[in-house]
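What follows is each chain in one-letter form.
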Amino acid sequence: KLNNYNAVFEIIAGIQIAAVHRLKNTWSVLQNKSKNLYTYLYNLISRDGNFRNIRNAVVTSKPPVLPYIGLYLTDLT
């Protein structure tokens, strides 16, 4: 809702840390709504197609938009 794609990258990266990702019992009791949101956000920042999903989301979002700066820095190099 806030179009803060930088925060999406940070949150998903935090969840992907091994210590959090290994919490099988915690993941099993999450509500489907939360699991679906996680899956949606994970797919949004997927590296498939040179970050195609996040690039499309940034282009189609109404301003103000806070893109993931690391993506643009990678493009520059």
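Each remark here, short or long, concerns the structure printed above.
Residues numbered from 1 in each chain as written. Predicted model: local features only at pLDDT ≥ 70, side-chain atom pairs only at ≥ 80, totals over all residues. Heavy atoms only, no water.

> Even after reading the chapter, I still don't get the overall build of the protein chain, so can you show me in this structure?
When helices and strands are tallied, the protein chain shows six helices and zero strands. Each helix and strand of the protein chain, ordered N terminal to C terminal, gives the series α-α-α-α-α-α. Principal-axis analysis of the C-alpha atoms places the extent of the protein chain at approximately 40 × 25 × 20 Å. When the 77 residues of the protein chain are sorted by exposure, 22% land in the buried category. In the protein chain, once contacts between residues fewer than 6 apart in sequence are set aside, the share between residues at least 24 apart is 57%. Carbon and sulfur atoms form 60% of the exposed surface of the protein chain, whose accessible area is close to 6,100 Å². (Helix = DSSP H or I, 4+ residues; strand = E, 2+ residues; numbered from the N terminus. Buried < 20%, exposed > 50% of the residue type's maximum accessible area, 1.4 Å probe, protein only. Contact = heavy atoms within 4.5 Å. Areas by Shrake-Rupley, 256 points an atom, 1.4 Å probe, with all protein chains shown as cover.)

> Any chance you could explain a nonpolar patch on the surface here in plain terms?
Taken together, the side chains of Ile69, Tyr72, Leu73 and Leu76 make up a nonpolar region of the molecular surface, amounting to roughly 430 Å² of accessible area. Among the secondary structure elements, leucine 73 is positioned in helix H6 (residues 69-76). By relative accessible area, which is 48% here, leucine 73 ends up partly exposed. (Patch = residues over 30% accessible without salt bridge, like charges linked within 9 Å, V, L, I, M, F, W, Y side chains within 5 Å. Salt bridge = Lys/Arg side-chain N within 4 Å of Asp/Glu carboxyl O.)

> Whenever I open this one, the pattern of salt bridges confuses me. Can you help?
In a structure, side chains of opposite charge can pair up when their charged atoms sit close to one another. The tally for this structure, following the rule as stated, stands at one salt bridge. Residue arginine 55 pairs with aspartate 75 through a salt bridge whose shortest N-O separation is 2.9 Å. Placement of arginine 55 in helix H5 (residues 48-60) and of aspartate 75 in helix H6 is noted, with a sequence separation of 20 residues between them.

> Quick question: what am I supposed to make of H5 here?
An α-helix turns once every 3.6 residues. As a result, residues three or four positions apart point the same way. A rise of 1.5 Å per residue sets the reference length of H5, with its 13 residues, at 18 Å; its end C-alpha atoms lie 18 Å apart and thus fit the reference within 8%. The sharpest bend along H5 comes to roughly 30°, located at isoleucine 54. Along H5, the residues that are buried comprise Phe51, Ile54, Ala57 and Val58. (Expected span 1.5 Å × (residues − 1). Bend = angle between axes of the 7 residues up to and from the residue.)

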